[in-house]
Amino acid sequence: MKLLRHGLPGQEKPGALDSTGKARDLSLLIPDFTPEWLAPEKLNALAAIDLERMPLVPAGTRLGAPVAGIRQFVAIGLNYRKHAQEAGMEIPKEPVVFNKALTSIAGPNDDVTLPPGSEAGDWEIELAFVIGTVARQVTVGEALSHVAGYCLANDVSERDWQIKRGGQWGKGKSFDGFGPLGPWLVTTDEVPDPQAIPLELRVNGEVRQRSNTADMIFSIAQVVSHLSQFMTLLPGDVVITGTPEGVGLGMKPTPVFLRRGDVMTLDAGPLGTQTQRVI
Ligand code: ZN
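Here is a short report on the structure shown in this document. (Residues numbered from 1 in each chain as written. Predicted model: local features only at pLDDT ≥ 70, side-chain atom pairs only at ≥ 80, totals over all residues. Heavy atoms only, no water.)

Counting its secondary structure elements, the chain contains 5 helices and 18 strands. Computed over the C-alpha atoms, the radius of gyration of the chain is 18 Å, within 12% of the 19 Å expected from 2.2 N^0.38 for a compact globule of 279 residues. Counting every position in the chain, which comprises 279 residues, the buried fraction comes to 55%. If you take every contact in the chain between residues at least 6 apart in sequence, the share linking residues at least 24 apart comes to 74%. In the form shown here, the chain has an accessible surface area of approximately 12,000 Å², with 54% of it arising from carbon and sulfur atoms. Here the chain contributes 26 positive and 32 negative side-chain charges, whose respective centroids are spaced 3 Å apart. (Helix = DSSP H or I, 4+ residues; strand = E, 2+ residues; numbered from the N terminus. Rg over C-alpha atoms; globule rule 2.2 N^0.38 Å. Buried < 20%, exposed > 50% of the residue type's maximum accessible area, 1.4 Å probe, protein only. Contact = heavy atoms within 4.5 Å. Areas by Shrake-Rupley, 256 points an atom, 1.4 Å probe, with all protein chains shown as cover. Lys, Arg positive; Asp, Glu negative; His and termini not counted. Charge placed at Lys NZ, Arg CZ, Asp CG, Glu CD.)

Set out below in structure tokens:
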């Protein structure tokens with residue numbers, strides 16, 4: 001299934017794509033895709049709905065992040081070798097973990113607002129996974145059974161805030177709108193191998209990042225297992241899993257950062273696309 005949420009910010013309703021790719025509204029049946037709806041038995045119930053009989057979502061309706069009531073927004077840093085190199089960092093021996101503010105979560109095509117005075121806004125296309133069942137100290141072998149699905153993410157970053165303002169990376173990655181998610185939560189039955197997802201990001205039509213999750217240092221299963229040794233992962237938790245090379249910070253001879261008016265387009269194959277205007 002491809003689950004989505006449609007409507008104005010804060011008023012999103014649940015929906016899903018039907019077999020022809022049309023968005024259908026499910027708000028007559030369920031209130032919203034809150035974390036309890038990501039349990040396997042609930043997803044099975046959703047899969048039994050005859051989507052063709054549900055109302056169409058009007059074309060052009062805004063999409064929100066595909067999950068409601070997210071309680072943790074965790075990020076993995078430096079999870080692709082070439083990105084670690086372009087960032088001038090060593091290949092990590094264990095996953096680098098940081099958090100993004102929940103208030104940074106946005107719809108997949110919402111405008112990205114650069115903070116006042118920001119001169120170092122940057123892009124990071126990433127694969128996100130969403131937890132379906134509580135994961136606490138799980139093995140790599142059982143890790144993926146705790147994942148409900150996958151979605152596309154942009155880990156928008158303000159590099160000066162991230163690097164020059166002290167503390168950890170969270171300052172540069174938590175501004176409102178710095179966490180676009182979607183367009184859909186694609187359930188795991190439709191993603192047989194999360195290590196085979198193509199990722200491409202363009203700025204104003206020019207390819208900046210083109211890679212594949214096959215190049216990750218730590219796989220999704222390893223990331224789930226690793227995180228669950230240090231924290232309990234709850235249904236609805238979103239984890240973004242690192243970006244490949246090609247960010248603005250790594251451009252030679254000088255870094256290139258986002259300017260107001262730029263347009264970012266992201267494509268993750270079966271996980272769909274995002275388009276964000278920078279304002
Ligand atoms: Zn990132």
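Let us now look at the sheet that holds strand S15 (residues 206–212). As summarised here, the arrangement of the 4 strands in space is S15-S14-S17-S18, forming an open sheet in which the pairing is antiparallel. In the strand order of this sheet, the two ends are held by S15 and strand S18 (273–277), each with one partner. Each neighbouring strand pair of the sheet contributes to a mean axis angle of 10 degrees, computed without reference to strand direction. Pairing analysis gives 5 bridges linking strand S17 (residues 263–267) to S18, with the strands arranged antiparallel. Across the sheet, Asp267 pairs through a bridge with Thr273, a residue of S18. (Pairing = 2+ DSSP bridges. Axes fitted to C-alpha atoms, helices over the stretch in contact; angles between N-to-C directions.)

Let us look at the coordination of the zinc ion. In this structure, Glu124 (OE), Glu126 (OE) and Asp155 (OD) serve as the protein donors to the zinc ion, at separations of 1.9 to 2.1 Å. Going along the chain, you hit the donors of the zinc ion in the pattern E-x1-E-x28-D. Taken together, the residues span a long stretch of sequence, with Glu126 in strand S9 (residues 125–131) and Asp155 in the loop between strand S10 (147–154) and strand S11 (157–158) at a distance of 29 residues. When sorted by exposure, Glu126 lands in the same class as Asp155, which is buried. (Donors = N, O, S within 2.8 Å, 3.2 Å for Na, K, Ca; no water.)

Along any regular strand the residues' side chains alternate between the sheet's two faces. Across the 5 residues of strand S2 (residues 13–17), 4 count as buried, placing the element largely inside the fold. Pairing of strand S1 (residues 2–6) with S2, which is carried by 4 bridges, proceeds in the antiparallel orientation. The partner of Leu3 across the bridge, within S2, is Ala16. Between S1 and S2, which follow one another and run antiparallel, lie 6 residues, and Gly7 among them has a positive phi close to 130 degrees. With 3 bridges joining them, S2 and strand S3 (residues 23–25) adopt antiparallel strand pairing. For Ala16, the partnering residue across the bridge sits in S3 and is Arg24. Joining the antiparallel neighbours S2 and S3 is a turn of 5 residues, in which Gly21 adopts a positive phi near 90 degrees.

Glancing now at unusual backbone geometry. For the bond running from Gly182 to Pro183, omega is 20 degrees, close enough to zero to count as cis. Along the chain, Pro183 falls in the loop between strand S12 (179–180) and strand S13 (185–187). Across the junction of Lys252 and Pro253, the peptide omega takes the value 0 degrees, indicating a cis bond. Relative to the assigned elements, Pro253 resides in the loop between strand S16 (238–240) and S17. In this model, Asn204 sits at a positive phi of 50 degrees, which is unusual for a non-glycine residue.

Moving on to the environment of Pro198. One can find Pro198 in strand S14 (residues 198–203). A relative accessible area of 36% means that Pro198 is categorised as partly exposed. Once the C-alpha coordinates of Pro198 and Asn212 are considered, the two residues, 14 residues apart in sequence, prove to be 4.3 Å apart. When near neighbours in sequence (up to four residues on either side) are disregarded, Pro198 contacts Ser211, Asn212, Asp267, Ala268, Gly269 and Pro270.

Enumeration over the complete set of coordinates arrives at 3 aromatic pairs. Taken together, a centroid distance of 5.9 Å and an interplanar angle of 80 degrees make the contact between Trp161 and Phe175 edge-to-face. Within this pair, whereas Trp161 is found in helix H4 (residues 159–164), its partner Phe175 is found in the loop between H4 and S12, the two being separated by 14 residues in sequence. Take Trp161: its relative accessible area is 24%, and that puts it in the partly exposed class. Ring pairs connect the aromatic residues Trp161, Phe175 and Phe178, which therefore count as one cluster. The ring of Trp184 carries Lys2 above its face, with NZ or CZ at 5.7 Å from the centroid. (Phe/Tyr/Trp six-rings, centres within 6.5 Å; stacked < 30°, edge-to-face > 60°. Lys NZ or Arg CZ within 6 Å of the ring centre and 35° of its normal.)

Taken as a whole and assessed by the stated rule, the structure comprises 16 salt bridges. Here Lys2 and Glu190 are joined by a salt bridge, their closest N and O atoms 3.1 Å apart. A residue pair is termed long-range when its members are at least 10 positions apart, and Lys2 in strand S1 and Glu190 in the loop between S13 and S14 qualify at 188 residues. Between Asp111 and Arg277 there is a salt bridge, with the nearest N and O atoms lying 2.9 Å from each other. (Salt bridge = Lys/Arg side-chain N within 4 Å of Asp/Glu carboxyl O.)

Turning our eyes to something else, we now look at helix H5 (residues 220–230). Summarising burial for H5: 8 of the 11 residues are buried, a large majority. Turning to H5, its buried residues are Ile220, Ala221, Val223, Val224, Ser225, His226, Leu227 and Ser228. Against the buried residues of H5 lie strand S5 (73–77), strand S6 (96–99), S9, helix H3 (140–143), S10 and S16.

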